[in-house]
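Structural overview for review
The residues making up each chain are set out below.
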Amino acid sequence: MLKKLSVQNYILIDELDIHLNEGLTIITGETGAGKSILLGALALILGQRADAGSLLDKKKKCIIEGTFDVKNYQLQPFFEQHELDFENETVLRREINPEGKSRAFINDTPVNLNILKELAGTLVDIHSQHETLTLANSRFQLSVVDAFAKHQQQITNYHSLYNTYTKHKKELVVLKEEEAKSKADQDYFSFQFKELDEVQLKSGEQEELEQELQQLTHAEEIKVQLSAASRTLNGDEENIIQHLSSVAQSLSNVARFDKKYEDLAARVRSAVVELKDISEEAEQLEEAVRFDPMRTEVINERLNVIYRLQQKHRVSSIEELITLRDSFNEKLNSIGTIEHQIEKLQLQLDKEFSEVIALANVISANRKKAIPGIEKEIKSLTTEMSMPNAALKVIQEVVADSEVNSDGLDKIAFQFSANKGGDFKDLGKVASGGELSRLMLAIKSIMAGLTSLPTIIFDEIDTGISGEVASRVGGIMQHIAEKHQVIAITHLPQIAGKGHSHYLVYKSDTKTTTRTGLRLLNDDERINEIARMLSGTKLTGAAIEHAKELMAS
């Protein structure tokens, strides 16, 4: 329940603290006094959008806080899910800065607006005179039937099943689109793979062929230079090796005079051995070089194939062509994989669809059983509110399995007849504003008995009623307040007299400002306020006596 509402710097309110109790709390005030301002402030901590226009002082921020007693409403899982500290007295807070940016908090922890709204939706239900329009909303009508059927766990299970089913349906659509695209590309992938696979590319092949082609192209020059090198080293009469051998001999001749000379001679002889080896290898290499026009042609043809493929696929190496070839092969293989995935997912979808339909049928049967009870209770409550001939008919249409949706297999429609023997028609076509208000109150009364919603707020839902009807409406509010905290903003004294506590909204004016305030009335002040509502600004003895009677009833 809402224990305290604090408002700072909001529209016409400087600062205001409202302490609320269990039971039925009445809020009254003259037209324009600011009752809607209070409701607007409360709506902010329930998740309504905000802007800088709500600020009284445009230089300061606006702060709205609501303190709720939540210890008996099994909300710990919500707090755990969103990593919030659970407190028996939980504080919801909104702050709006002068730039119009707002922040939301739960127990001083910043949260996004959707989380605040989700929690607030389990704590407070605001029913205004404008909400009678929702009576014609098919989803609202369905929610009434489901509340009366008391199958919330089955509804939760159904939503989980249906969401999984629709998720997999979307996945199947994507897979089939991929399959269609893959099959359209299959010929292309197959041609490209075949072309690359047939040439049997090998890593490093291009570099080896290019090097061999260089040797074949310059074979004559290579042979000449290798032959010249070999002759210079060891072929001519005056070659390098002979000269070095003479050098070694000269050094050996003087070795007896110093060991260093022998060391030099040894080093020269070692060089002679190495140069002889080089000479022989150069000679062998020269002999191995051949003029081979046919091999040159073969290499050119192979390289032309490689260059053409590289140009076609805009790559620069054989390794990239091999990678591309493998990717085409993978795409071809994946086409078969997608077909298998589609078959597997279709089987799963068939199973899930059967489960969805089975549970939808159970829920549909529950709704069918609940409808007579709803019609009976609405009849009883509308009769109590001086509509003895009014009746509500709940129409249930069961659609084909193929039309199943997130609500199941049912379409629910409320039809209303206000007069004995009258035709049942859509609510908006047959009910007056007062009748709609009483019908909505009857529905809210039923739903209040079926839910654990802590706080219900009625905002001037007494449009179009007065006298004894108003008294009976107030009695129903009293009945709801036995199990829920009820706050009623009203202009009818018959309803105001039913309250357990009573607040007055008022305006105070100075030369330059107008402010909205609120105060709790004591018994004498309540009598005077209700008498004012009965007779106007001039209090009469009869009005005061009537006010006492209303409070005592």
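Up top is the structure.
Residues numbered from 1 in each chain as written. Predicted model: local features only at pLDDT ≥ 70, side-chain atom pairs only at ≥ 80, totals over all residues. Heavy atoms only, no water.

Attention now goes to the side chain of Asn239. Residue position: Asn239 is located in the loop between α7 (219–234) and α8 (240–253). There is a polar contact of 3.2 Å between the side chain of Asn239 and the backbone nitrogen of Ile241. Excluding its chain neighbours within four sequence positions, the residues that come into contact with Asn239 are Arg231, Thr232, Leu233 and Asn234. (Helix = DSSP H or I, 4+ residues; strand = E, 2+ residues; numbered from the N terminus. Polar contact = N/O pair within 3.5 Å; in protein donor to acceptor, adjacent residues only side chain to side chain. Contact = heavy atoms within 4.5 Å.)

Attention now goes to α8. Here α8 spans 20 Å end to end across 14 residues, near enough to the 20 Å set by a 1.5 Å rise per residue. When we look at burial in α8, the residues that qualify are Ile241, Ala248 and Leu251. All buried residues of α8 fall inside an arc of 80 degrees around its axis, so they share one side. In this structure, the buried side of α8 is in contact with α7 and α9 (259–288). The N-cap of α8, judged by a side-chain oxygen 3.2 Å from the amide nitrogen of Ile241 a few residues on, is Asn239. (Expected span 1.5 Å × (residues − 1). Buried < 20%, exposed > 50% of the residue type's maximum accessible area, 1.4 Å probe, protein only. Arc of directions from axis to C-beta.)

Another aspect to go through is the sheet that holds strand β15 (residues 514–520). Taken in spatial order, the six strands of this open sheet run β8-β12-β13-β3-β14-β15, and their pairing is mixed. The open sheet has two edge strands with one neighbour each: β8 (124–128) and β15. Averaged over all pairs of adjacent strands, the angle between strand axes in this sheet comes to 20 degrees, irrespective of strand direction. Direction of pairing for strand β14 (residues 501–509) relative to β15: antiparallel, over a ladder of seven bridges. (Pairing = 2+ DSSP bridges. Axes fitted to C-alpha atoms, helices over the stretch in contact; angles between N-to-C directions.)

A full pass over the atoms with the stated rule returns 23 salt bridges. Between Arg308 and Glu195 there is a salt bridge; the shortest N-O distance is 3.3 Å. Placement of the pair is Arg308 in helix α10 (residues 293–313) and Glu195 in helix α5 (residues 152–198), with a sequence separation of 113 residues. Each of Lys61, Glu65, Arg93, Glu95 and Asp108 takes part in salt bridges that share partners, so that together they form one network. (Salt bridge = Lys/Arg side-chain N within 4 Å of Asp/Glu carboxyl O.)

A separate point is the environment of Leu345. Mapped onto the fold, Leu345 is located in helix α11 (residues 318–384). Taking the C-alpha atoms as reference points, Leu345 and Thr28, separated by 317 residues in sequence, lie 61 Å from one another. Beyond its immediate sequence surroundings of up to four residues, Leu345 is in contact with His168, Glu171, Leu172 and Leu175.

Each packed pair of helices is defined by two parameters, the angle between the axes and the distance between the axes. For the pair helix α16 (residues 523–535) and helix α17 (residues 541–552), the least separation of the axes is 8 Å and the interaxial angle reads 115 degrees. Put simply, α16 runs roughly perpendicular to α17. Judged by the sense of rotation from one axis to the other, the crossing of α16 with α17 is right-handed. Along its contact with α16, which presents Asp523, Arg526, Ile527, Asn528, Ile530, Ala531, Leu534 and Ser535, the element α17 presents Ala543, Ile544, His546, Ala547, Lys548, Leu550 and Met551. A breakdown of the residues in the contact of α16 with α17 according to their chemical character gives nine nonpolar, three polar and three charged. (Parallel < 35°, antiparallel > 145°, perpendicular 65-115°, else oblique. Left-handed = near helix turned anticlockwise from the far one by under 90°. Nonpolar A, V, L, I, M, F, W, Y, C, P; charged D, E, K, R; others polar.)

In this section: unusual backbone geometry. Look at Glu83: it is not a glycine, yet its phi comes out positive at around 55 degrees. Relative to the helices and strands, Glu83 resides in the loop between α2 (76–81) and β5 (89–96). If you check the backbone angles, Gln200 has positive phi at about 50 degrees while not being a glycine. Following the sequence through the fold, Gln200 ends up in the loop between α5 and α6 (205–217). On the basis of relative accessibility, which here comes to 58%, the residue Gln200 falls in the exposed class.

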